Structure formats: C-alpha cells, structure tokens
Amino acid sequence: TVDDKPIQTFVIPHSHMDVGWVYTIKDYWYFKTPQESMHAYAANVYTSVTEQLSKAVERRFIAVEQEFFRLWWDTVATDTLKRQVRQLVKEGRLEFVIGGQVMHDEAVTDLEDQILQMTEGHGFLYETFGVRPQFSWHVDPFGASATTPVLFALAGFNAHVISRIDYDLKEAMQKDKKLQFVWEGSPSLKEKQLIFTHTMDQFSYCTPSHLPFSNRSGFYWNGVALFPDPPKDGVYPNMSLPVTKETVHAYAQTMVENIKQRAAWFRTNHVLWPWGCDKQFYNSSVQFSNMDPLMTYINHNSQEFGVTVQYATLSEYFQAVHQSDLVWEQRGSEDFLPYSTEPHQAWTGFYASRNVLKGVARRASSQLHAAETLFTRYRISFPDGPVAKDWAMDKLRALRWAVSEVQHHDGITGTESPKVADMYLQHLGQAMMEVEELLAALFLLPRGLGASQNLHRKTGLSHLYNVAEGLEQHVIVYNPLAWNITTIVNVTVTFPYAAVFDDDGQPVSAQVLKFNSRRSQTGPLISSWWWNWEVFSTGNTWLGSQRSPALARRRLLPVLNECYKLMLDQDTNMLHSITHLQDKRRVRMTQDFWEYHANGDIGAGPISDNYIFTANTSAVRAYKAVEMEIIPGKIVTEIRQRFFSTRVPECYGTRVRCHRLEQTYSLGPLRLNTEVVLRSSTSLQNNRTVFTDDNGYQMMERRHRTFVNNTVARNFFPMVRAAYAEDRLSRLVLVSDRAHGVSSQANGQLEVMLHRRLWNNLPWNLGYNLTLNDSSVVRPTLWVMLGSIGATSKLHQREAIELQHRPVVMVIDTPGKRSCTSRVRKPRQGFPLLPVSLPPNLHLLSFSISGWNYRRVLLRIMHIFEEGEDAELSKPVTINMKEVLRGVGEVRTLEERSLTGTWDISSLQRWKWKTTKSQETNDKGRGSSTNFTVTIRPKEIKTFFVQFATRQINK
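Residues numbered from 1 in each chain as written. Predicted model: local features only at pLDDT ≥ 70, side-chain atom pairs only at ≥ 80, totals over all residues. Heavy atoms only, no water.

Asker: I tried to follow the state of the cysteines on my own but got confused; where do I start?
Answerer: When the sulfur atoms of two cysteines share a covalent bond, that bond is a disulfide. Counted by the stated rule, this structure contains two disulfides. One disulfide bridge connects Cys206 with Cys277, the sulfur atoms lying 1.8 Å from each other. One disulfide, between Cys206 and Cys277, carries an S-S torsion of 60° and so falls in the right-handed class. In this pair, Cys206 sits in the loop between strand E6 (195-199) and helix H8 (248-263) while Cys277 sits in the loop between strand E7 (270-275) and helix H9 (284-300), placing the two residues 71 residues apart along the sequence. (Disulfide = S-S within 2.5 Å. Helix = DSSP H or I, 4+ residues; strand = E, 2+ residues; numbered from the N terminus.)

And the structure:
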C-alpha cells in the first residue's frame, strides 16, 4: 500500500486472439460441421462478451485485433448485437486498444506496413463508432522496437503497453521499480513523440493460473478452447474450480497475494491485473458469473485484505496512474531487441524463419504502394473514367487486408504452422493477382484517359525488337517513387538479339544476358535470357576452382567501375578486396556461405526452432569449391559465383548508381537442422559492433555483448531494410529486400542469416507443428555499398527505399510482327501533366484513397534523415504542397492529420507526463488550411488530407 491506502486493482478482461499462428482464420471462425455454419471460438468471444457486458454495468472488456472483430461485425453480429456494441462503446465499457488489424510484430515488420495495418483498423473504428484508440496493448510481440512507440504517439496514443523483453532485464526493472517510464523512441523527434510505457511484469498478459487449493488452473472458468472440433458434452479441458461459498475465500487469498506481489514492483498503488489469455472468453457467461462474486467478496473484506478490485479498461487504469502526478524516468531511443526468455532461449531465429513468406509479404506491400499511387492519380484526373471506382477499391482493399494480416506477430515472423503460412501466401497471392489486373487496366487505357504520364514521372512504354526475326514486344515500366530514378530493369525474353526503344521511338541502352545452361552441384539447370536495359553485352569468361588457395600464389582479377575496383581471387573464385575509388581506400573483403548445425534432440541440449536460434557449435563453411563466371558490360558487369551473383553497374548516360553492388542468392532445399548465413569478412575495425534498422525507420547501434551462455545467438539482431559495419574511415552497408537476422561475431565481420530448416522433438513444437521443416528454395537480394561514413550516410536510406519500391514491370503482349509505323513518334493526347518530385531527403510514404466515407486523398511524407546525420540532408525541408502536387491537380485544401488520419492535428491533445528531463512545448501543427507551405523536420512523418479542385474525389 501507499500512504496506508489500499491497493487499487484494475482487472482488465481480455482475450488474446492470434490472427493465425497454429490455426487458420477459418479454423478460428468455424467449428467442423457438415455445413460449416456453426461459429467457433473467435466469433463466440464477441457475441458472448457483448451479451454479458450488457447485463451488468460494472463489467468491462478490451478488444484488440480488428480483423476478427470486423469479420464478426460484418458476418455474424445481429442488429441487436450491433446496437448493444454501440452503446457499450459509447459508455466506455467496451474499449478498442491498438485498433490495428493485428497486433503487429515489432522486429521484422516495415514501418510502412505497420502504418497500413493501423490505418485500416483505425479507419473502420472511426467510421463505425466515431472512436479513436488511445492506448496500446503490445503484449505478445517478441521484443519491443523503438519505432513502435513513435508511431503510436504520432497516431495519438496516450500510453503504450509492452511485455516481452529480456528475462534478466525485466527482473532488474522489477526490482528497481522501473517497469514504467516515458519512452523517447526517436532521438530526432524527441518530445514530439514521448509516450508513457508500461512493461508487464513477469506474469505477462495472462492471469496467474496456479491455485494452491486445486489441481486445476485458476481464473479460467471456461477452460481451454477446442476448435474446430468442440467437445460434444460442452465440458472443455481444464475448467477452473467454480467460485462457491466453500472456495471463495481461498480464491480471494490467491488473487490478493498475487496483487500484492505485483504491487511491490510498481511506484503507485494502482495494479494492472490482466484477466484472460490466449483463446479466452469464448464463454463469457461462465467467466463473469464466477469472477463477479469473487470480486464482491474481496471488496467486502478490503480492510482485511488491503486491496480493492474493479473491472476496468486500459483508459481507466492509465487515468489513475496519470493522476498520481509522479515524475517518471525518461528512457532514450534504445529498443528491447533481441529478446530472450532463458539463457539458452534467444528469440533471434525468427528474424530469418520462412524467408519466402517474408519476401512475398514485402513484394505485396510494394505492389500495393504502386497501385495506390497510380489509381489515386487516375481518380483525381478522371473521376468518371472507365476504370470503375468500386471495382478498383475492392481489389485494393483485398490487398490492404492481406498485407495487414501477415504483419501479425506470428505471421511475417515465420513462427506459424505450415498450414497458416500457406494461408498467408494464398491470401497475398490472390490479392496480388487482383491488383495486377487493376494495374493492367490502368496501364492499357486509351491515351486520353490513361496513366501514360503517371504521378511521379512518365510511365515508360518500351518496345523490344527481335532484330533477327522482326518481332516486337511491349513492356510498361512504372516508377512509384516521388524521385526521378535511374535503374536497371530485367525482363525475361525468348530471343538472344534485340534492340529497345522507348515510347517516343528513342533507343534505350540494353544487353541480353544468357542464363547459364550448365548443371552445377549447387543449382538447377537454367536456360533463359535476362534483358538488362541500359547495357550492351560483351564476352564472358568461366573460371573453375578445385585447388586449395594455400598451394598457389594469389592471382587477382580486377573488375572496375567508376566507384569501385573489385579484386577477385582466381584461386578461390571469391572476392578478395574492394577499393572505394573516391577515397582511395582498399578494404579486404571476402563473402561466402557458412552453416550453423542445429540440435534437434531436446535430450542432447538446447534446440533451434521457429522462434529460437541456439548455436551449439561454431559455424562451418557450407561449400567445398566455387565456380565463377564474369560477364563484362558497358553498364553492368555480372559476376556469377556458384553460390551467388554480383552485378557491378557502371556510370552511364543518365547516371546509373555505380555505388550499388546488387547481389542475389539462391539457397535450398537445405539439409535438416541447418541455418545458413552469408558471412562478409572485412578489414574494418568495427569492434564487433553492427548497426541495424528498427523497422526501416531508424538505425540502432548494436554492440557485441558476452554472456555466460548463448553469446552467438544473443548477438543476432533484426535487419528489416539495412545494416552496416564501420570504422573511423569506412562503412560497409547492406540493404535487403526482406527481413533477416544479422550479427558481427568477429572484428570486421557481418553475418546475415538467410535461410533455416529445422526439426526437433520438443513435444510442444510437435503438438502445434512448429518445427520449421522448410524445404523451400529462397532467392533474397542484397545491395552492397562501401565508402566513407559521410558518403554512405547520404545513400543508404534512399537505397533501401529504392530496393523496397523497385519499378513495376509489366509485359503487355507476346512477341509479334513489327508494325512498319511502330517506331514513328506519336503525339501525346490528353491534358499536360507534370511529375511530382520531392527533394532527396523526403519520401512520399503514402498517396491513397482512404476508402472511408469522406473519400479524401491521404498523403504522407517522411523526412528520411536523422538530425545531424548529414550537413545538408538533415536540415528541415520547407515545400509548397500546392506546387509539389501541381502535376496531379489543383490543391484546394490541405489538412494535417494524425498518423492514421483519424485526428485533426490541431485538435489532438495527448497527455503530458512529468519526466526527469525538461521538455519543450510541442508545436500543434496545422488544421485545414489554404496555406500550403509545410516544413518537415528530421524523421518527421507528416500526414494530410488533400482536396483537389474540379476533378477532386467528392463521392
């Protein structure tokens, strides 16, 4: 107790509802019946909770994942239930927390997808109930990112709840009463995104189940949910002993003892007591009918117990803590990654689990971004055009839903069962095909109505000519970024000799690269042609290596462009060094594959699985010898090694980025219990320190730490977009097309975990089919850059975005006879449009039609640099949005909104928390205005509603 006051306990009823994990959405939703019409666990939660809350005014419940709630609302809820829900929400007794489609993972998700899934859920809640979530409940993601509290603060949240952090750190925070603090997630935004953060204690989000007077679990009176095959007699496993006159005192003593144990770890006399767990409250009647008399008994004897209890929502708990008016510790921008539950259980394996799913999820997100920008530009210009609005929006919504769904903390993480992974891939694949139809419809419109001059720069319609046979083929290339870019485009063609012309009949530099048709020990037979635009091919050279490098003098072969000189060792057929020509600095560097061999027998020691990486032995080389083929070219030289290929671009014409070494890999199927890493060993003196990105938003310094156990695994970190190692002179940067795990296990070394295939005999894993027997072949891409810290600081953020949002390439026909007039330049039709182009430090994060009732364009712009990172690019940027968007249409009004669009920024007033550091006054932003000048500071994300004149979206 505090000041002899009783401990005030806030009992928070909830159900943790994974959107996936072990069971598919269909499994959660239906019992197995011949008609599959009987709704199962997930639907029953909301039906029974609504009914039970309506029966007693003191009852409460928090609802978290919107995917399940929206399915229930749209397909199950009757008019009566909907009226009851609206009343409960109005009274604050049913509270939506987080409000996103899912409880997203925090380690391997990208901020663009986090924002998307939150926006989807928040838009539904605001449109349906007029409410905006103000508290998080991020209790199950495997570690806590510093980006998440930033995004929640920008969305208008007043407090943030986390749970899964390192076991030893949590123990120390409990002891020192530091489980609650104010988090400064971004070093650049500082006070603009401070958020009060509550860390769950060691009991986490589930109710302590031990009862000293019973062999059953306590406080779970509805038992353990069984689906899709429910018990026929209605008796579920492990139903708690009922609360009766004979058991109520023993129950009360158990609950009070746990409350007091928890109260000792916090600074106020307010205790958050979660009541619920996974798959709970599917029978809310039995839950509340037992808890009601127990709480009444405790309150009637509160003087004896020193405790009061009440049902509560998160807002009621945090209001009480906020009113305590204490001064709180202000935590910096460090995160809580990686996460370990025990000395031998480092949850770093999932950074690389199910690499294929991670790649498909990222490609789906990229395709969605391209389709959103293109369709929005089309709707503004042609509101009555032939591409039907409802048809197009249905396709976009389906992909928004699928991309949002896979961000779940047992989705993109790869920690789900095989059938759930298949479900995610099916949902993504189907929605991507639908959006491909939309893109084709927009690309192939008549000139006067089409998107041949797109939002950002003109869409390229290129003509491929088979020189030998007189055949013609057409390809459309669309750049979805608000930057002019020069890049290399690949198209697979069936002819070896060709010429390329753009839509104006002008020649485009190109080369044809024949795929290797030799069968090797490490790869399949490949026979096809890559079309590399901007390149003309020259000869090629094959090099084979079967001898030990120790037995021969080094024979080094140079490959040069205007940025680098790569030296290749002809004795090993591997990279020997890279010289950054501008700095004249040579860095010794080799790259090769290594394997960690996992233990699969729990009787023999710690194991690796979907979640956990345990390095029981040191990594070993994953190859005996390497073959290499070098294909030089005027713009790209391709180095093919039998295990991966590197493309070395030249500076040519419109400035192909010569600093970008593009690497692609092909791995698998792996042997069982194998975890493969790409090891880059360099002469950099990085002291085993690596920098990795938090969700593509900010870079985090990861210093190597030594532990009594499991040091290798506990020094792997998530890499969503980028990682680098540096010394005082040079920096080696890797940017990726999907999430991986990354580490620096030795000085000058970077390891990237690319693929895993595992099996173990842990009963829990076997029971839920979570052993990760992934026999897939994966083909990830990394872009590599080397240079001074100053030079690479200007590049890596934009390079990561350009890899994320590569041009959309669509082949629109098959080779056919060339028209005699096809190369004649045709005058463009329709009104003239100018491109949208932003400064190099601003990224057009979103440009979409929200799909809500008010149908306005939702626009987000992000400053991609940190404060002080670069002398020029880190400066605030002031732009005139009317001028920037002039190529799209005439801007009438510009209204700044919260991150997910539900708040007018001028009316958003987040709670202030007293901290140990002084705080500046937040600037309030702007409401709706006809003043179109906007200043965007380092790391700011500005969100706007934009209304356009004449052709505006007004229906």
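Asker: Teacher, can you tell me more about the sheet that holds strand E4 (residues 159-162) here?
Answerer: Whether parallel or antiparallel, the strands of a sheet pair through hydrogen bonds between backbone atoms. Across the sheet, four strands lie side by side as E4-E6-E5-E9; this open sheet has mixed pairing. Edge positions in the open sheet fall to E4 and strand E9 (330-331), since each of these has one partner strand only. With four bridges connecting them, E4 and E6 associate as parallel partners. Bridge pairing in E6 places His160 opposite Thr197. Across the face of the sheet, helix H11 (residues 314-323) comes into contact with E4, strand E5 (180-183) and E6 while running at roughly 110° to E6. (Pairing = 2+ DSSP bridges. Contact = heavy atoms within 4.5 Å. Axes fitted to C-alpha atoms, helices over the stretch in contact; angles between N-to-C directions.)

Asker: Help me understand the packing of helix H5 (residues 111-129) against helix H13 (residues 389-406) in this model?
Answerer: In helix packing, the relevant descriptors are the interaxial angle and the interaxial distance, both defined with respect to the helix axes. Two numbers describe how H5 lies on H13: the axes approach to 9 Å, and their chain directions differ by 115°. In the packing of H5 onto H13, the handedness of the crossing is left-handed. Contacts between H5 and H13 involve Asp113, Leu116, Gln117 and Glu120 from the former and Arg400, Val403 and Ser404 from the latter. Along the lines of polarity and charge, the residues of the contact of H5 with H13 split into two nonpolar, two polar and three charged. (Left-handed = near helix turned anticlockwise from the far one by under 90°. Nonpolar A, V, L, I, M, F, W, Y, C, P; charged D, E, K, R; others polar.)

Asker: Would you mind going over the confidence of the model for the protein chain with me for this structure?
Answerer: The predicted coordinates of low-pLDDT regions are not to be read in fine detail. Per-residue confidence for the protein chain averages 88 on the pLDDT scale, and 88% of its residues sit at or above 70. When the criterion is pLDDT under 50, residues 450-458 qualifies, and its contacts beyond four places in sequence or with other chains add up to 45 contacts. Confidence drops under pLDDT 50 across residues 823-833; counting only partners more than four residues distant or on other chains, this segment forms 22 contacts. (pLDDT = per-residue confidence, 0-100.)

Asker: How do you make sense of the packing of aromatic side chains when you look at a structure like this?
Answerer: Aromatic rings in a pair are described by how distant their centres are and how their planes are angled relative to each other. Under the defined criterion, the tally for this structure stands at 59 aromatic pairs. Seen from their ring centres, Phe96 and Phe129 are 5.5 Å apart, and the 25° between their planes marks the pair as stacked. Taken as a pair, Phe96 in strand E3 (residues 94-96) and Phe129 in helix H5 lie far apart in primary sequence, 33 residues in all. Since its relative accessible area comes to 6%, Phe96 is described here as buried. Judged by centre distance (5.4 Å) and plane angle (80°), the ring pair of Phe219 and Trp273 falls under edge-to-face. Here Trp273 lies in strand E7 and Phe219 lies in the loop between E6 and H8, a separation of 54 residues in the sequence. Grouped by ring-pair contacts, the aromatic residues Phe61, Phe213, Phe219, Trp221, Tyr251, Trp273, Trp275, Phe281, Phe288 and Tyr311 constitute a single cluster. When the ring centre of Trp903 is taken as reference, the NZ or CZ atom of Arg132 above it lies at 3.9 Å. (Phe/Tyr/Trp six-rings, centres within 6.5 Å; stacked < 30°, edge-to-face > 60°. Buried < 20%, exposed > 50% of the residue type's maximum accessible area, 1.4 Å probe, protein only. Lys NZ or Arg CZ within 6 Å of the ring centre and 35° of its normal.)

Asker: Would you explain the nonpolar core in this entry?
Answerer: Nonpolar side chains tend toward joint burial in soluble globular proteins. Formed by 114 residues in total, the largest nonpolar core has its most connected members in Trp72, Phe219, Met255, Trp275, Met291, Leu294 and Phe375. Of all the elements, helix H14 (residues 418-443) adds the most residues to this core, at eleven residues. Residue assignment places this core across two domains, with domain 1 (7-98 + 133-348) and domain 2 (500-506 + 526-537 + 553-804) each supplying three or more. Not counting the four nearest positions on each side in its chain, Leu294 is found in contact with Phe219, Trp221, Val243, Val248, Tyr251, Ala252 and Met255. With 58 residues, the next largest nonpolar core counts Leu111, Leu179, Ala312 and Trp913 among its residues. (Core = buried A, V, L, I, M, F, W, Y, C linked by side-chain atoms within 4.5 Å. Domains from an automatic or database assignment.)

Asker: Sorry, what's going on with the sheet that holds E7 here?
Answerer: Sheet architecture is open: three strands sit in the order E7-E1-E8, paired in parallel fashion. The outermost strands of the open sheet, each flanked by one partner alone, are E7 and strand E8 (307-311). On average, each strand axis in the sheet is inclined to that of its neighbour by 25°, with strand direction left out of account. The pairing of strand E1 (residues 7-13) with E8 spans five bridges and is parallel. Opposite Thr9, over in E8, you have Val309 as the bridge partner. Contacts between H8 and the sheet are confined to E1, E7 and E8, with E7 contributing the most and set at about 125° to the helix. Against the sheet, H9 makes contact with E1, E7 and E8, and its axis sits at roughly 150° relative to E8, the strand it touches most.

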